[in-house]
Amino acid sequence: FELERLGVHRSVDAIFPPAELVGYLSDLPVDVSVVDEAGIADCDAIVTRNYFESVLDVEWIHSTQAGIDRFPLEALAEEGVALTNSTGIHGRTVGETVAGYLLAFARRLHDQIASATERRWERPEWDEAFTLPGTTACIVGTGTLGRGVADIVGALGVEPVGVRRSDDTLPEFDRMYAVDDLHEAIADAEFVIVTVPLTDATRGLFDAAAFEAMRDDAYFVNVARGAVVDEPALVEALAAGDIAGAALDVFETEPLPEDSPLWTMDDVIVTPHAAAYTRDYYRDVGDIVRDNVGRLERGEALSNQVV
Ligand code: NDP
């Protein structure tokens, strides 16, 4: 198809001002502008964070997120709409956020920050704080996020173990397990870190039996999607002391409802689906879009194409 008009939908505002991306792409030989839902019909292609039915009328949708679980993949295929995602750009950001969680748990920073907000001078118990070298992180999902996490926590002395669909090895991981052996893979890890996409195969992957399989001094980290975890089972495991704590960036319902017990549990860090935030986000997404506009012009296959 001929790309003449590329819209940047206002929903990207949750991550960066849409006008920043429009400015960044102003050198492209196509008309790029910010559009609302009504304006989508005038576009050949759209960059968006959210899904709306009206995007089925364009030729190409680019998702500013890596996760495309909210898009109706079958309907897009039927309508002949191409969908590309933003995988590939979040390894460093999410990796650094996860390293921050691990350092907070080991060095007890979350506790001390909480005390400080109440002007309490409260040190950890003598045996609470520890250092990271010698610990193991089982990283479930070995793509951009999983490898980014492995690189950064590996540099802090943590041994990264990977879980993917097969047990084929990858250089970033010291050992690899197939997801069918998940419980064996997580059994010895001080940290279990979830970095898989939400699909039919991963929905509810972390259930009561998975938390049962973890060490009772282990910390659970989810930076993937909330529905990969059975949230009530997680709350129960935390309350019963079956695991030591959790750092959660994603939830079954977002924003996390005010009455969720997770907000106030000891050793639970809640972040607002912001693990990948960076002031460079619009540039990182813009580079994928620019590359794909070039590919369209040259008649080549799109990169990061999902549908
Ligand atoms: P990638 O596609 O690069 O990696 C996904 C990995 O998951 C693949 O390497 C794949 O490995 C593995 N995988 C897929 N299905 C399964 C399965 N059933 N069991 C075990 N492993 C599986 O994606 P990204 O790393 O870029 O992103 C992953 C997810 O993280 C996104 O889909 C999104 O939901 C979430 N995300 C969250 C962010 C946040 O802000 N918190 C930011 C960015 C992403 P293999 O093919 O070898 O099985």
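Not measured: the values here are computed from a predicted model. (Residues numbered from 1 in each chain as written. Predicted model: local features only at pLDDT ≥ 70, side-chain atom pairs only at ≥ 80, totals over all residues. Heavy atoms only, no water.)

Visitor: Any chance you could explain the packing of helix α3 (residues 91-107) against helix α4 (residues 109-117) here in plain terms?
Guide: Packed helix pairs are characterised by how far apart their axes lie and by the angle those axes make with each other. α4 packs onto α3 with a crossing angle of 75° between their chain directions and a minimal axis gap of 5 Å. In terms of orientation, α3 lies roughly perpendicular with respect to α4. Seen from α3, the contacting residues are L103, A104, F105 and R107; seen from α4, they are L109, H110 and Q112. (Axes fitted to C-alpha atoms, helices over the stretch in contact; angles between N-to-C directions. Helix = DSSP H or I, 4+ residues; strand = E, 2+ residues; numbered from the N terminus. Parallel < 35°, antiparallel > 145°, perpendicular 65-115°, else oblique. Contact = heavy atoms within 4.5 Å.)

Visitor: Which parts of the structure should I look at to understand the packing of α3 against helix α5 (residues 144-155)?
Guide: It is at 8 Å that the axes of α3 and α5 come closest, and there the two elements cross at 50°. Considering the angle they form, α3 stands oblique to α5. α5 is crossed by α3, and the crossing has right-handed handedness. Within the contact between the two elements, α3 uses G91, R92, V94, G95, E96, V98, A99 and L102 and α5 uses T144, L145, G148, V149, I152 and V153. Of the residues that constitute the contact of α3 with α5, the class distribution is eight nonpolar, four polar and two charged. (Left-handed = near helix turned anticlockwise from the far one by under 90°. Nonpolar A, V, L, I, M, F, W, Y, C, P; charged D, E, K, R; others polar.)

Visitor: I'm lost on the site of the ligand in this one. Help?
Guide: Taken together, the neighbourhood of the ligand is formed by 24 residues, with T87, L145, R164, R165 and V223 sitting nearest. In this structure, an oxygen atom belonging to the ligand sits 3.4 Å away from a side-chain N or O atom of R225. For the ligand, a nitrogen atom lies 3.0 Å from a polar atom in the side chain of D249. For the shell around the ligand, the class distribution of residues is ten nonpolar, ten polar and four charged. (Near = heavy atom within 4 Å. Polar contact = N/O pair within 3.5 Å; in protein donor to acceptor, adjacent residues only side chain to side chain.)

Visitor: What's the story with the packing of aromatic side chains in this structure? I'm lost.
Guide: The geometry of two aromatic rings is summed up by the distance between their centres and the angle between their planes. Evaluation of the coordinates by the stated rule reveals nine aromatic pairs. A ring pair is formed by Y24 and Y282, whose centres lie 5.9 Å apart and whose planes are at 90°; its orientation type is edge-to-face. Placement of the pair is Y24 in helix α1 (residues 18-24) and Y282 in helix α9 (residues 281-298), with a sequence separation of 258 residues. For Y24, a relative accessible area of 25% puts it in the partly exposed group. A relative accessible area of 13% means that Y282 is categorised as buried. Relative to F220, the ring of F211 lies with its centre 5.1 Å away and its plane at 85°, an arrangement referred to as edge-to-face. By the burial criterion, F211 is buried, and F220 matches it. (Phe/Tyr/Trp six-rings, centres within 6.5 Å; stacked < 30°, edge-to-face > 60°. Buried < 20%, exposed > 50% of the residue type's maximum accessible area, 1.4 Å probe, protein only.)

Visitor: Where do I start with the sheet that holds strand β4 (residues 60-63) in this structure?
Guide: Sheet strands pair via backbone hydrogen bonds, and the direction of the pair is either parallel or antiparallel. Strand order across the open sheet formed by five strands is β2-β1-β3-β4-β5, with parallel pairing between neighbours. For this open sheet the edge positions go to β2 (31-35) and β5 (82-84), each flanked by a neighbour on one side alone. Each adjacent strand pair in this sheet contributes to an overall mean axis angle of 20°, direction not counted. Pairing of strand β1 (residues 5-9) with β2 involves five bridges; the strand directions are parallel. From the neighbouring strand, G7 faces β2, where its bridge partner is S33. (Pairing = 2+ DSSP bridges.)

Visitor: Quick question: what am I supposed to make of unusual backbone geometry here?
Guide: It is generally the case that most residues other than glycine have a negative phi and that most peptide bonds are trans. The step from E254 to P255 runs through a cis peptide bond, and the omega angle for that step is -5°. If you trace the backbone, P255 turns up in the loop between β11 (245-248) and β12 (268-270). The backbone phi angle of N304 is positive, close to 60°, even though this residue is not glycine. Mapped onto the elements of the fold, N304 is located in the segment after α9. Judged by relative accessible area, N304 falls into the partly exposed class, the value being 25%.

Visitor: Honestly, the side chain of S33 in this entry has me stumped. Any pointers?
Guide: Along the chain, S33 falls in strand β2. Here the side chain of S33 touches R5 through a polar contact of 2.9 Å, side chain to side chain.

Visitor: How should the pairing of strand β10 (residues 219-222) be read in this particular structure?
Guide: Regular strands place side chains that alternate from one sheet face to the opposite one. Going residue by residue along β10, you find Y219 and V221 tucked away on one face and F220 and N222 tucked away on the opposite face as well. The pairing of strand β9 (residues 191-194) with β10 spans four bridges and is parallel. Paired with V194 across the bridge in β10 is N222. Regarding topology, helix α7 (residues 208-213) serves as the crossover connection from β9 to the parallel β10, and that connection is right-handed. As paired strands, β10 and β11 are joined by four bridges and run parallel to one another. Each bridged residue has a counterpart across the sheet, and for N222 the counterpart in β11 is L248. (Right-handed = clockwise from strand over helix to strand, strands pointing away.)

Visitor: Would you mind going over the environment of G80 with me for this structure?
Guide: Mapped onto the elements of the fold, G80 is located in the loop between α2 (73-79) and β5. Its relative accessible area of 53% is what places G80 among the exposed residues. Sequence spacing of G80 and L56 is 24 residues, and the spatial spacing of their C-alpha atoms is 8.8 Å.

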